[in-house]
Structures are given as C-alpha cells and as structure tokens.
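Here are the chains, one letter per residue:
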Amino acid sequence: MLACFLIPILISQDKLSKEFFIGIVSYLVITLLLVIAIVYKFIDHITMRKKEFVCLNLVGYIKSKIKIIMRYEVICYYLTIILLPLPLVLLIGSRYIMNQELTIFINIYDSNNIIYVYNILCLFKDNNNKGRKNAMRKLLLEADHISKIYDIDTKNPFIAMKDISLKVYEGDFICIMGPSGSGKSTLLNNISTIDIPNKGHVYIDTSEITTMSEKEIGYFRYEKLGFIFQNYSLLQSLTMYENIIAPLSLQKKKVIEMKKKAIELAKLLNIEHTLDKFPNECSGGEKQRAAIARALITNPKLIVADEPTGNLDSKNSHELLEMLKNMNTEESRTIIMVTHDPQIASYSSKLIYITDGKIVKELERKNMSQKDYFYEIMKITSTDAQLFF
C-alpha cells in the first residue's frame, strides 16, 4: 500500500528536494497511523461483537445467520482499510494538489446497522513558509545562468544581461524593476521566448526553449504563454472580438468554442459592450482589457506583462492591476510583469530588482500589507537612485 503512494507522487514531480521527501514521509506516516487505528478498532469491535453473537445464539438466531452478519462486518472493515487511503493517493498524485498544504479530517460514525461511514474532508490552504511552499509547488519556469550579449562578434559587444538565474513557481506574481537600461525588458524577453539568450538555459513547464526551432517556439508560445504589451498590440483592422479570439484561430478551434470563451472573458473584464467595435473606437482601458482577454483565452501557463500600465491613466492602471492580482490569488495564475512604478509593483508577491543586467535585490511580500510592501520597494529604488549622486 505504501508503494501505491510513492508511484503517483514521484511521477508528479520533475525535481525532488529534501523538503519534498519530508512531505512524502509525513503523508505516509499519517496514512499508516490511520490504518493502524482502524485495525485496532476492528479487533476491539470484533471482540465485543463475539460476546453479542453468543447472546444472539441464545435468543434463537441460527449460526448460519450469525456467520453472515460477521462476514458482512469483516468485509466492511477490510474494504475500509483498503479504500480509505485511495482518495489520498489520488489527491497527492495530482500536480494541482502539490500546490497546497493538505489537511485531513476523518470522522468515523458507527450506526446500529454496523455500517461505517467515512467522511473525508480535505482543506487546502496556503502555506507561508517559503521553503515548504516552493517544495510543494510545481516549478513552472527556470532560467539557468542566462546571459544576453549584443554585437557579440564586434569589437564593442554590449552585455545587456549577465549570468542571471531565476525560478518561478506556479501561482507566483513576480515584478521586475530597475532603472532605464538596466535590462529588465531584456530579461523578460529572454525568459518568455521573444528572444533567446546567448548563454545558459531557459525551461518553461519542463521544455527547454533555448533548443527549440522558430516553428516550435511559435506553437509553444501561443499554447503556453499569454502576453500583455504596453501598446496593446491589437490589430486595427479587426474588431475587439476578433482580436480576442486570434490565438484560438491559430489553434483552429471551433467557432462556437471561440465565441463562448470570448464572451465569458469579456463579461469578466467588463468589455462585453465593445466586442463589435474596432480598437480605434475604444478607450485605452478597454483596449488593455481586450489585450488581457486575448492573453487569457488560451488558458496559458504563464502571463507575461511588459509595462501593461504604461499607456493608462492612474485610475485604469490600478483597476487593471486589481484584476491581475485577483486572477493571481483566486485562479492561481502565474504572472511576470515589468514596471518602473513602485505603486504598480506593490500588487505583486515578489520583487526582482535589476541593475546593469544583474539581479541585485529580491524582495518577497509575505505577510506585509500592500502599503508596507510599497514602502520597502521605495527603499530599494531610492537607495539605488542615490548611487548616482
């Protein structure tokens, strides 16, 4: 039975860590204790029932009837011992469950008919411990010592990004900040297939993008990634509806399916009234929401946003970030965003600060309020700015 646990768990993980193995052992110990408790209850109950069966024989029950009752009880108990761990095996074996901390409550009720009802309630809640949380979550993106050098074959090569390593887990909301020319957009482009680093490796959902052909990258991009750009990148000759369904058209989805998904997202983003309009007939906020709908319509593994509020006013900027934040917290969407605005960065769960093509500071929000997180971001940006004086 214990081996049944290990097979789905090990299959569900790409890279195993010490914390992950500790988690496996914990689950196995809990399940073993549950089985031991049930076996103990079974033996104790059978002992008690034997006395009752003697009484049943005395009051007229024939032995064949008593044997049927005992056989029924034995089957119930043994089925329970076998089937009780199965829901746990299925839950632990799925990648989704590895994102959460598993808490199990088992309530056993004993009725007069000797039928045992096992009610298993699984509660999934966030774990704020960084080491355990990352061990339980799936690694979605990994940049392994990547560098980007322009004009590499000339006398004056320009190093835009040098030896950067980065890990992004499912459900992260990461913001990349830095002064102009620091390499933040270069980093975003190189970890999202828009550009390819000269050195190092980039893995997204276990696929190494640095070894893919242009055709493979194209397919990978519209199946796994969703892009939100500063200038919206909407096609002016298409309606808002046609822009939103463009990625699904590339996947050759059915018209009914495309229309259903587009309308659902339009309602969610409050742009249903703009679907028949062209981009030049819509406001900046509406166009950016359409760009978000287009990014989400393929249900991507990763959302990449490059200065998504750059062309928006303050009100629309904060409304947009509230949407992204809700998608991250409520739907576990993974987001990587570049911005120069500390207020916008305060919506993220983790900050990566870049200077001269290197990561010089990382800040996790953890239990900080958005206001406190904003002040911590301001400290980083102001300290960096003071170096110029």
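Note: the structure precedes this text.
Bear in mind that the values here come from a model prediction, so they are computed numbers and not experimental data.

Draft legend 1. Looking closely at the pattern of salt bridges. Counting across every chain of the model gives nine salt bridges. With a shortest N-O distance of 2.7 Å, Glu319 and Lys315 are connected by a salt bridge. Here the residue Glu319 and the residue Lys315 both occupy positions in helix H12 (residues 314-331), the gap between them amounting to four residues, near one helical turn. For Glu362, the salt bridge identified is with Lys350, shortest N-O distance 3.2 Å. Of this pair, Glu362 sits in strand E12 (residues 358-364) while Lys350 sits in strand E11 (residues 350-355), and the two are twelve residues apart along the sequence.

Draft legend 2. Region of the structure containing the sheet that holds E11. Taken together, the six strands give an open sheet; going across it, the order is E8-E9-E10-E5-E11-E12, and neighbouring strands pair in mixed fashion. Two strands bound the open sheet, and with one partner strand each, they are strand E8 (225-229) and E12. Neighbour-to-neighbour, the strand axes of this sheet turn through a mean angle of 15 degrees, independent of strand direction. As paired elements, E8 and strand E9 (residues 302-306) share five bridges and run parallel to each other. Residue Gly226 lies in a different strand from E9, and its bridge partner there is Ile303. Across the sheet, helix H7 (residues 214-224) touches E8 and E9, and the angle it forms with E8 is around 80 degrees.

Draft legend 3. The sheet that holds strand E7 (residues 207-208), seen in detail. A sheet is described by the order of its strands in space; here four strands give the open sequence E4-E3-E6-E7, paired in antiparallel fashion. Sheet topology places strand E4 (158-169) and E7 at the edges, where each strand pairs with a single neighbour. Looking at chain direction, strand E3 (residues 139-150) and strand E6 (residues 199-204) are connected through five bridges and run antiparallel. Looking at E6, one finds that Leu141 is bridged to Ile204.

Draft legend 4. How the structure looks around a nonpolar patch on the surface. A contiguous nonpolar patch, built from Val29, Leu32, Leu33 and Ile36 and spanning about 350 Å² of accessible area, is present on the exposed surface. Along the chain, Leu32 turns up in helix H2 (residues 18-58).

Draft legend 5. Spatial organisation of the pairing of E12. One ladder, built from six bridges, connects E11 with E12; its direction is antiparallel. Within E12, the residue paired with Ile354 across the bridge is Ile359. What sits between E11 and E12 in their antiparallel hairpin is a turn of two residues, with Asp356 showing a positive phi close to 55 degrees.

Draft legend 6. Up close: the nonpolar core. Counting 43 residues, the largest nonpolar core has Ile244, Leu321, Met337 and Leu351 as the members making the most contacts within it. Once residues lying within four places of it in the same chain are set aside, the contact partners of Ile244 are Ala262, Ile271, Leu275, Ala290, Ala293, Arg294 and Ile297. Counting residues in each nonpolar core, the second largest holds 27 residues, with Met161, Ile164, Phe227 and Val304 among its members.

Draft legend 7. Inspection of the environment of Ala266 at higher detail. With respect to the helices and strands, the residue Ala266 is situated in helix H10 (residues 255-268). Between the alpha carbons of Ala266 and Ala293 there is a distance of 6.9 Å; along the sequence they are 27 residues apart. Excluding residues that lie within four positions of it along the chain, Ala266 makes contacts with Ile271, Glu272 and Leu275.

Draft legend 8. The arrangement of the packing of aromatic side chains in detail. This structure, assessed with the given rule, holds two aromatic pairs. Taken together, a centroid distance of 5.8 Å and an interplanar angle of 5 degrees make the contact between Phe227 and Phe229 stacked. With a relative accessible area of 12%, Phe227 lands in the buried category. Taken together, a centroid distance of 5.7 Å and an interplanar angle of 50 degrees make the contact between Phe374 and Tyr375 tilted. You can call Tyr375 partly exposed: its relative accessible area is 42%.

Draft legend 9. Summary view of the pairing of E9. Burial analysis of E9 places five of its five residues in the buried class, the great majority of the element. Residue alternation in E9 divides its side chains into two sets, Leu302, Val304 and Asp306 and Ile303 and Ala305, and both sets are buried. Inspection of the sheet shows E9 paired to strand E10 (residues 335-338) by four bridges, in the parallel sense. Within E10, the position partnered with Val304 by the bridge is Ile336. Considered for its hand, the β-α-β crossover made up of E9, H12 and E10 is right-handed.

Reading the values: rules and limits
- Residues numbered from 1 in each chain as written.
- Predicted model: local features only at pLDDT ≥ 70, side-chain atom pairs only at ≥ 80, totals over all residues.
- Heavy atoms only, no water.
- Salt bridge = Lys/Arg side-chain N within 4 Å of Asp/Glu carboxyl O.
- Helix = DSSP H or I, 4+ residues; strand = E, 2+ residues; numbered from the N terminus.
- Pairing = 2+ DSSP bridges.
- Axes fitted to C-alpha atoms, helices over the stretch in contact; angles between N-to-C directions.
- Contact = heavy atoms within 4.5 Å.
- Patch = residues over 30% accessible without salt bridge, like charges linked within 9 Å, V, L, I, M, F, W, Y side chains within 5 Å.
- Areas by Shrake-Rupley, 256 points an atom, 1.4 Å probe, with all protein chains shown as cover.
- Core = buried A, V, L, I, M, F, W, Y, C linked by side-chain atoms within 4.5 Å.
- Buried < 20%, exposed > 50% of the residue type's maximum accessible area, 1.4 Å probe, protein only.
- Phe/Tyr/Trp six-rings, centres within 6.5 Å; stacked < 30°, edge-to-face > 60°.
- Right-handed = clockwise from strand over helix to strand, strands pointing away.

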